[in-house]
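Chain and residue survey
What follows is each chain in one-letter form.
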Amino acid sequence: MPRRESRSAASDSLDFLLKPRRLLEVRFDPNSKTIWCSMRHENSVSWTLPLLREFNALNADIRALYQRNQFDEPPVKFLVGGSLRPGVFNMGGDLPYFLDRVRARDAEGLRHYAYACIEAIYNIYHGFDSPVVTMAVLEGDALGGGLEAALSCQFVIAERGVNLGFPESLFHTFPGMGAYSLISRRLDSARAEKLIMSGRMYKAEELHEMGLIDMLAEKGEGQARARAFIAENGKRHSLLGAIGKVRRRISPLTMDELRDVTDIWVDSVMHLAPINLRKMEMLAQSQDRLFEQSASLRFKPAQSR
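What you see is a predicted model, and the numbers here were worked out from it, not measured in a lab.

With that out of the way, let us pick up the environment of Glu139. The residue Glu139 is located in the loop between strand S5 (133–138) and strand S6 (141–143) in this model. Spatially, the C-alpha atom of Glu139 lies 7.5 Å from that of Lys219, the residues being 80 residues apart in sequence. For Glu139, the side chain forms a polar contact with the side chain of Gln223, separated by 3.4 Å.

Take a look at the structure:
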């Protein structure tokens, strides 16, 4: 039986938050017991393997914190995910990597990447098997795997006007790292298929009306809305955690399900026709242009959260 930690020992157990990270900015607010985790996107606007590795390592540390110890009061109550790059949350899968693996006929390399993605999705959806309540703040566009990651959180805040969607059907595949599973649990299978098959971009307001987005914020006020939500709900954190457990009990999401769907996705991508690979390449080029455009903007300064 893990021993119950004292308040000072609980503080010491958060030393993992001080680890050096290249692709994530991780900050902790001890007053609200909130981890603010922001993607830097300094070399790409997508989920690259190095970014996934850093993110999954953080997830593993949070899970281990609660596996090793029992606390009178949780040392971490909330985790808020976001991005430091203006106008972009995350543009999804690493399309150049996909193209490289398909052309090399390396299905296992593609599967390795996909399994790293669903490891993140699974851990976020299950709240790291801990009392941590997860939240995504979309201050910029989120496509494909970027939107999948956001929807795996218990709460999603999006600023008005941001673009959200799954463009994968445009090159005859589908978002294979959790989209169908997550949308069908938040809405239903029929609307999950409609969203995935449409390939179109939606505004945050549209997905909020559908029920996929929990809260809207005005432009530039996403983080403020998250801070207000945490302040309003800090005292009933245990209730939020309980509701999260109920959601997962009623709509369980297993690693087997995620892997089975991902295996279908790998097979789908590996059999794309040349014309569809060319469409994927064009989308990758458009993401590169977006990266170059946003690179001309200054990163948002670290805020006192």
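More follows now that the structure is in view.
Taken together, 6 strands build an open sheet; the order of strands is S1-S2-S3-S5-S7-S10 and the sheet is mixed. Here the strands that pair on one side only, and so sit at the sheet edges, are strand S1 (24–29) and strand S10 (215–217). Adjacent strand axes in the sheet meet at a mean angle of 20°, parallel and antiparallel pairs treated alike. Bridge count between strand S7 (residues 155–159) and S10: 3 bridges; the pairing is parallel. Bridge pairing in S10 links Ala158 to Leu216.

Attention now goes to helix H7 (residues 189–198). Listing the buried residues of H7 in full gives Ala192, Leu195 and Ile196. Here the buried residues of H7 occupy an arc of 95° about the axis, which is enough to place them on one side. Summarising the geometry of H7, the exposed residues directed more than 90 degrees from the buried face are Ala190, Lys194 and Met197. Those residues of H7 that are buried lie in contact with helix H6 (179–186), strand S9 (201–203) and helix H8 (204–210). You can read the cap of H7 off the contacts: a side-chain oxygen lies 3.2 Å from the backbone nitrogen of Ala190, and it is on Asp188.

Once that is clear, we can look at the pairing of strand S2 (residues 34–39). Taking burial as the measure, the 6 residues of S2 include 6 buried ones, the bulk of the element. Both faces of S2 are covered, namely the face carrying Thr34, Trp36 and Ser38 and the face carrying Ile35, Cys37 and Met39. For S1 and S2, the ladder comprises 6 bridges, and the chain directions are antiparallel. In the sheet register, Val26 faces S2, and the bridge partner there is Cys37. Between the end of S1 and the start of S2, which pair antiparallel, lie 4 residues, with Lys33 showing a positive phi angle near 55°. Sheet topology note: the S2/strand S3 (residues 78–83) ladder contains 6 bridges and is parallel. Pairing of Ile35 across the sheet is with Leu79, part of S3. For the crossover that starts at S2, traverses helix H2 (residues 49–68) and ends in the parallel S3, the hand is right-handed.

What follows covers the packing of helix H3 (residues 95–103) against helix H4 (residues 107–125). As a packed pair, H3 and H4 sit with axes 8 Å apart at the nearest point and diverge in direction by 150°. The angle between H3 and H4 places the two elements in the roughly antiparallel class. Where H3 approaches H4, its residues Tyr97, Phe98 and Arg101 are matched on the opposing element by Gly109, Leu110 and Tyr113. Across the contact of H3 with H4, the residue classes break down as 4 nonpolar, 1 polar and 1 charged.

Confidence in the prediction of the protein, expressed as mean pLDDT, is 92, and 91% of residues score 70 or more. Scored below 50 in pLDDT, residues 295–305 shows 27 contacts in the model against residues more than four places distant or in partner chains.

Quick look at the packing of aromatic side chains now. The full count for this structure, using the stated rule, is 6 aromatic pairs. Site record: aromatic cluster; members linked through ring pairs are Tyr97, Phe98, Tyr113 and Trp265. A cation over an aromatic ring shows up here: Arg101 above the ring of Tyr97, its NZ or CZ 5.9 Å from the ring centre. Its end group placed over the ring of Tyr202, Arg200 keeps NZ or CZ at 3.9 Å from the ring centre.

On to the pattern of salt bridges, then. Pairs may arise between side chains of opposite charge once their charged atoms sit close together. As enumerated under the stated definition, the model contains 15 salt bridges in all. Two residues, Asp100 and Arg101, come together in a salt bridge whose shortest N-O distance is 2.4 Å. Asp100 gets classed as partly exposed once you look at its relative accessible area, which sits at 41%. Arg101 sits in the buried class, given a relative accessible area of 17%.

About the thresholds
- Residues numbered from 1 in each chain as written.
- Predicted model: local features only at pLDDT ≥ 70, side-chain atom pairs only at ≥ 80, totals over all residues.
- Heavy atoms only, no water.
- Helix = DSSP H or I, 4+ residues; strand = E, 2+ residues; numbered from the N terminus.
- Polar contact = N/O pair within 3.5 Å; in protein donor to acceptor, adjacent residues only side chain to side chain.
- Pairing = 2+ DSSP bridges.
- Axes fitted to C-alpha atoms, helices over the stretch in contact; angles between N-to-C directions.
- Buried < 20%, exposed > 50% of the residue type's maximum accessible area, 1.4 Å probe, protein only.
- Arc of directions from axis to C-beta.
- Contact = heavy atoms within 4.5 Å.
- Right-handed = clockwise from strand over helix to strand, strands pointing away.
- Parallel < 35°, antiparallel > 145°, perpendicular 65-115°, else oblique.
- Nonpolar A, V, L, I, M, F, W, Y, C, P; charged D, E, K, R; others polar.
- pLDDT = per-residue confidence, 0-100.
- Phe/Tyr/Trp six-rings, centres within 6.5 Å; stacked < 30°, edge-to-face > 60°.
- Lys NZ or Arg CZ within 6 Å of the ring centre and 35° of its normal.
- Salt bridge = Lys/Arg side-chain N within 4 Å of Asp/Glu carboxyl O.

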